[in-house]
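Structural features, examined
Residue strings, one per chain:
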Amino acid sequence: MKKVLKAAILILEAALIPIIFTGCWDYHELETYSIVSGIAIDKGQNGYKYHMTFECVKMGGSGKNQEIKPLLLEEDGNTLFDAVRSTLRESDKKLYFSHCKIIVFSSDIAKDGLRSVMDWMKRDAEPRLTLDLLVSKEKTAKEILQVNPDSAQLISLQIVSTLQQSTGFYGSPTGLQLYEVTNILNTDGLELVLPAIEKKQEAGGDTVQLSGGAVFKKDKQIGWLNPDQDRYYNYVRDKIKGGLLVTGPTPGSTNVTLEIIDSKTNVKPTVSGQSASMEINVKMQAAYAEQDGETDFLTKVGLAQVEKYAEKTLEYEIESDVKNVQQRFDSDIFGFGSKIHQSKPKEWDQVSKNWDQIFKTMKVKVHAEVKIDNTGLSLPKVGD
């Protein structure tokens, strides 16, 4: 028995030796690759279907003075992969996509449909499913990657950082990654909204800013939400992670600013025959952050009344946002149909064929509950 065990150990050691002393099978020599940080996809030029712009990482300087700079490569192709490989005609380095962070589509591309342009990204081994997808409000997507920010960051990395900060501190828009977009496009009763991005002129030169959302029907863009509409859309979708709520005695007032601590939304569907309605319940915790003007609302009307102001603002703005989408777009971006599909599958089978028409005429009621936990007045200030 000992001889058999000893022989087995020797065989195992012999098998491990080639693995231990062999390099990684997918190891890449850095000098032979251009690392891509961002991609812009536009309509093609010179008879080609697509025009692609790649923001690549370029190392400048040497030693301690070495710095990262953007290098833009552009190429045309009748497919995305065709355009990618065509870059080898002007560069001796193959593009490497494992560190790519964003893809920006032109509105023209988005209007034609995203499924075909997403196919290569999902099939190829290098692009990650966590890529952030956006739609350019400029004439082309390339113009976004051409912006040189004042910060030391590449523009692609700045956009990713802005998406993360915007979700947590401003409340809109919500970034969507490649795998999330794929899931939405395959979900019954839910349509897609992608973050919109545009250039912004500043004293030191151009920069970029997020600017609402691009509305889709299936995989084709059909319109835009402005930043305020996009923010209240995110309330319905239960995607508010933070941000501010500006309120006052009447909807549209700007007397008081609340900082959102927590927000939860529950959507309850009701179906009767070929009609449906939705009840949207929003619960929010907030801090009293600022009052604009000489009126001290906490003294004049009290905390409970300010909470009612906030509740009325939420109810009015969310209901207005839903009605706006119902009237302008034939697209259930709020996922009301998906709620029915999940909770009432038999009823969904009955209404799904006519859902577009039902969605446009359905009644929606919003109920908000706001609790202000902190007025900030009892907190010690720095230097006190």
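Residues numbered from 1 in each chain as written. Predicted model: local features only at pLDDT ≥ 70, side-chain atom pairs only at ≥ 80, totals over all residues. Heavy atoms only, no water.

A short note on the sheet that holds strand β10 (residues 244-247)
Spatial strand order, β10-β11-β12-β13: 4 strands in an open sheet with mixed pairing. Taken across any chain shown, the strands that pair with only one partner, and hence form the sheet edges, are β10 and β13 (363-374). Across the sheet, the mean angle from the axis of one strand to that of its neighbour is 40°, orientation sign disregarded. Both strand β11 (residues 256-272) and strand β12 (residues 275-291) contribute to a ladder of 16 bridges, which runs antiparallel. (Pairing = 2+ DSSP bridges. Helix = DSSP H or I, 4+ residues; strand = E, 2+ residues; numbered from the N terminus. Axes fitted to C-alpha atoms, helices over the stretch in contact; angles between N-to-C directions.)

Comments concerning the pattern of salt bridges
Taken as a whole and assessed by the stated rule, the structure comprises 8 salt bridges. With a shortest N-O distance of 3.2 Å, D112 and K43 are connected by a salt bridge. Residue D112 is found in helix α3 (residues 107-112), and its partner K43 is found in strand β1 (residues 33-43); the two are separated by 69 residues along the sequence. Look at D112 and you get partly exposed, because its relative accessible area is 48%. In this structure, the salt-bridge partner of E74 is K142, at a minimum N-O distance of 3.4 Å. In this pair, E74 sits in strand β3 (residues 67-77) while K142 sits in helix α5 (residues 142-145), placing the two residues 68 residues apart along the sequence. Given the relative accessible area of 18%, K142 is considered buried. What emerges from the salt-bridge pattern is a single network uniting E191, K217 and D356. (Salt bridge = Lys/Arg side-chain N within 4 Å of Asp/Glu carboxyl O. Buried < 20%, exposed > 50% of the residue type's maximum accessible area, 1.4 Å probe, protein only.)

A closer look at the packing of helix α4 (residues 115-123) against helix α7 (residues 178-185)
Axis separation between α4 and α7 bottoms out at 12 Å; the angle between their running directions is 135°. Our classification of the angle between α4 and α7 gives oblique. Classified by chirality, the crossing of α7 by α4 is left-handed. Where α4 abuts α7, its residues R115, M118, M121 and K122 lie against L178, V181, T182 and L185. Its residues placed into classes, the contact of α4 with α7 shows 5 nonpolar, 1 polar and 2 charged. (Parallel < 35°, antiparallel > 145°, perpendicular 65-115°, else oblique. Left-handed = near helix turned anticlockwise from the far one by under 90°. Contact = heavy atoms within 4.5 Å. Nonpolar A, V, L, I, M, F, W, Y, C, P; charged D, E, K, R; others polar.)

Observations regarding the packing of aromatic side chains
Applying the stated criterion to the full structure yields 9 aromatic pairs. When the ring of F336 is compared with that of F359, the centres are 6.3 Å apart and the planes differ by 45°; the resulting orientation is tilted. Here F336, found in helix α11 (residues 336-343), pairs with F359, found in helix α13 (residues 355-361); they are 23 residues apart in sequence, far enough to count as distant. The class of F336 is buried, set by a relative accessible area of 0%. (Phe/Tyr/Trp six-rings, centres within 6.5 Å; stacked < 30°, edge-to-face > 60°.)

Quick word on the nonpolar core
Ranked by internal contacts, the top residues of the largest apolar core, which has 45 residues, are Y235, L314, I318, F336 and W355. Of all the secondary-structure elements, those providing two or more residues to this core are α8 (227-236), β11, β12, α10 (303-328), α11, α12 (345-351), α13 and β13. When sequence neighbours within four positions are dropped, the list of residues in contact with F336 reads G189, V236, V267, M278, I280, V322, W355, F359, M362 and V364. (Core = buried A, V, L, I, M, F, W, Y, C linked by side-chain atoms within 4.5 Å.)

Overview of the side chain of H51
For H51, the position within the fold is in strand β2 (residues 50-60). A relative accessible area of 4% means that H51 is categorised as buried. A distance of 2.8 Å separates the side chain of H51 from the side chain of D76, its partner in a polar contact. (Polar contact = N/O pair within 3.5 Å; in protein donor to acceptor, adjacent residues only side chain to side chain.)

Here we look at the pairing of strand β6 (residues 132-136)
Counting buried residues in β6 gives 5 out of 5 residues, a clear majority hidden from the surface. Here β6 shows no split at all, with D132, L134 and S136 on one side and L133 and V135 on the other all buried. Where strand β5 (residues 102-105) meets β6, 4 bridges bridge the pair, whose relative direction is parallel. Counted as the bridge partner of F105 is V135 from β6. When β6 meets strand β7 (residues 193-202), the two strands line up parallel, connected through 2 bridges. Its bridge partner being in β7, S136 is matched across the sheet by I197.

Notes on the pairing of β10
Judged by which residues are buried, β10 turns out to be one-sided: L245 and T247 face inward and are buried, whereas L244 and V246, on the alternate face, are not. Relative to β11, β10 runs antiparallel, the two sharing 4 bridges. Across the sheet, the residue bridging to V246 is T257, located in β11.

Let's talk about α8
The α-helix advances 3.6 residues per turn, and as a result positions three or four apart in sequence lie on the same side. With 8 of its 10 residues buried, α8 lies for the most part within the structure. Within α8, burial applies to Q229, D230, R231, Y232, Y233, N234, Y235 and V236. Between the side-chain oxygen of the N-cap and the backbone nitrogen of D228 there are 3.0 Å, and the N-cap of α8 in question is N226. Just downstream of α8, D238 is the residue with a positive phi angle, here 60°.

Fair warning: the whole summary comes from geometry, so function is off the table for now.
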